[in-house]
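Architecture at a glance
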Amino acid sequence: MLRLFLWERRVSGRRLVIVGHGMVAQRLLEELTARKHPYGLIRVFNGEPVPAYNRILLSSVLAGEASEDSVQLKPDTWFAERNIVCHQGDAVATIDTAQRQVTTTSGFQAAYDDLVFATGSRPAALGIEGEQLPGVMGFRDLQDTRALIDVSQRCRRAVVIGGGFLGLEAAEGLRARGMAVTVLHRSDHLLNRQLDPVAGALLASALTARGVTIRTGASPQSIAGSQRARAVQLTDDTLISTDLVVVAAGITPRTELARATGLACDRGILVDEGLASSVPGIYALGECCQLGEETFGLVEPGYRQAAVLAGRLCGEDRRFAPDTVATRLKISGIPIYSCGATSPDENTDSVVWQDRETDRYCHLLIRNNRLTGAVLFGETQDGPWYEEQIRRGDDISQRRHTLAFGAAYDTH
Ligand SMILES: Cc1cc2nc3c(=O)[nH]c(=O)nc-3n(C[C@H](O)[C@H](O)[C@H](O)COP(=O)(O)OP(=O)(O)OC[C@H]3O[C@@H](n4cnc5c(N)ncnc54)[C@H](O)[C@@H]3O)c2cc1C
């Protein structure tokens, strides 16, 4: 250990430690190594036993549409060729900011000049009785995915708590594996953060047609069972028998190490526009960070943060600003796109185009003659074009009658 430490002291250039090796940390490495960066040594510590992988593809792995091998992002040689040392399955346990040194759960120690938190998030807890029972699972990482596949081969019924995109992907994956799945969603329509009620209802009927039972306006009160989860009890006292409960009711940024290290945290690790935390030399990005009131639950803002932080660590003057987030989702082949506002208010006009035969739907929200939101269901090819119109903020009063038909019919 001492020899290693002395060797590190002799490393020329600065030393960077990254805590967490998820999708955003990996993008940071790619952004850094594409530049002339100042680091003689980069160490990445990961709590998971594998290097960064495409977490988004876990839904396809669960559904049996993709293999585990296909989620790998880079081969081992990629890291070795760039003088990046990956420590897998060895989470950082403590950080000594005075000595600028991290210690892992295995007792390994490494010095740093700069440190980046990229610890991501975990499934949010429900805070209800029975949540700790065996048979209640999350859907976050490769290990969860393997465990869910294993249960699906032995058991018949599943209840998924949460009708957001993660819950619906879990539900579809388990259904594709042959389970009878019920989705419980507290709001009155599915994907209520991305869709309006009509698109939410179209999605519910498409999933119902595939055999998933959807219960909206349903809140779980407790999970019943003695040795393992046996049923979910709703607030209206309905009892739904099950063999498996998947909790997908939002995410919580992983901040415990940052808090213990003395970094200012709210829901996430607080950062400024340069992704700097409250402690000099320590930065945070991805799902673990919070800028102003905003935390991040999709990969795209994390990628933009990675570009900004890499630039800053290389001396560029760059800033991250949250953006209108467009959500393009494909739940079991059902295309969905939403961008900007999703529900009208007293100052918003709606232009709606719907084909009831094919279940194609387009809802545009217009405020002061400017496009402020678009919800698309069934056909999403024009999604990026609507996003561009929202960003540009041009007066669309002359094009209002054709806008809902998409770019091909635009008279502009
Ligand atoms: C099944 C699924 C499907 C998804 N689909 C989409 C999608 O379609 N579109 C989209 O935009 N987003 C999607 N997401 C979200 C997307 O995956 C995340 O936004 C993205 O992975 C966040 O990256 P991150 O690097 O911030 O965190 P993560 O990818 O969560 O990585 C954080 C890593 O840090 C590790 N870690 C934590 N604490 C420590 C520690 N103390 N020491 C060392 N390591 C530590 C964790 O083990 C983890 O490996 C999906 C997520 C899931 C789970």
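In short, a report on the structure.

Analysis parameters
Residues numbered from 1 in each chain as written. Predicted model: local features only at pLDDT ≥ 70, side-chain atom pairs only at ≥ 80, totals over all residues. Heavy atoms only, no water. Helix = DSSP H or I, 4+ residues; strand = E, 2+ residues; numbered from the N terminus. Rg over C-alpha atoms; globule rule 2.2 N^0.38 Å. Buried < 20%, exposed > 50% of the residue type's maximum accessible area, 1.4 Å probe, protein only. Contact = heavy atoms within 4.5 Å. Pairing = 2+ DSSP bridges. Axes fitted to C-alpha atoms, helices over the stretch in contact; angles between N-to-C directions. Core = buried A, V, L, I, M, F, W, Y, C linked by side-chain atoms within 4.5 Å.

**Structural notes on the overall build of the protein chain**
- Scanning the protein chain from N- to C-terminus turns up eleven helices and 26 strands.
- The C-alpha radius of gyration of the protein chain comes to 23 Å, within 12% of the 22 Å expected for a compact globule of 412 residues.
- Projected onto its principal axes, the C-alpha positions of the protein chain cover 70 × 60 × 35 Å.
- By the burial criterion, 51% of the 412 residues in the protein chain qualify as buried.
- For the protein chain, restricting intrachain contacts to residue pairs at least 6 apart in sequence, the fraction spanning at least 24 positions comes to 60%.

**Re the sheet that holds strand β21 (residues 294–295)**
- Judged by pairing direction, the sheet is mixed, and its three strands sit side by side in the order β18-β20-β21 without closing on themselves. The open sheet has two free edges, formed respectively by β18 (269–271) and β21, since each of these has just one partner strand.
- Pairing of β18 with strand β20 (residues 289–291), which is carried by three bridges, proceeds in the parallel orientation. What sits directly across from I269, in β20, is C289.

**So, the sheet that holds strand β22 (residues 326–331)**
- On the basis of which strands lie adjacent, the open sheet formed by five strands has the order β22-β23-β26-β25-β24 and antiparallel pairing. Lying at the two open borders of the sheet, with one neighbouring strand each, are β22 and β24 (349–355). With direction set aside, neighbouring strand axes in the sheet form an average angle of 15°.
- The pairing of β24 with strand β25 (residues 360–367) spans seven bridges and is classified as antiparallel. Along β25, the bridge assignment pairs D349 with I366.

**Some details on the nonpolar core**
- I18, I42, V102, L115, V116 and F117 are the most contacted members of the largest nonpolar core, which totals 48 residues.
- Every residue in contact with I42, bar those within four places of it in the chain, is listed here: L16, I18, L29, L32, H37, N83, I84 and V85.
- Membership of the second largest hydrophobic core comes to 39 residues, among which are M137, L203, L329 and I331.

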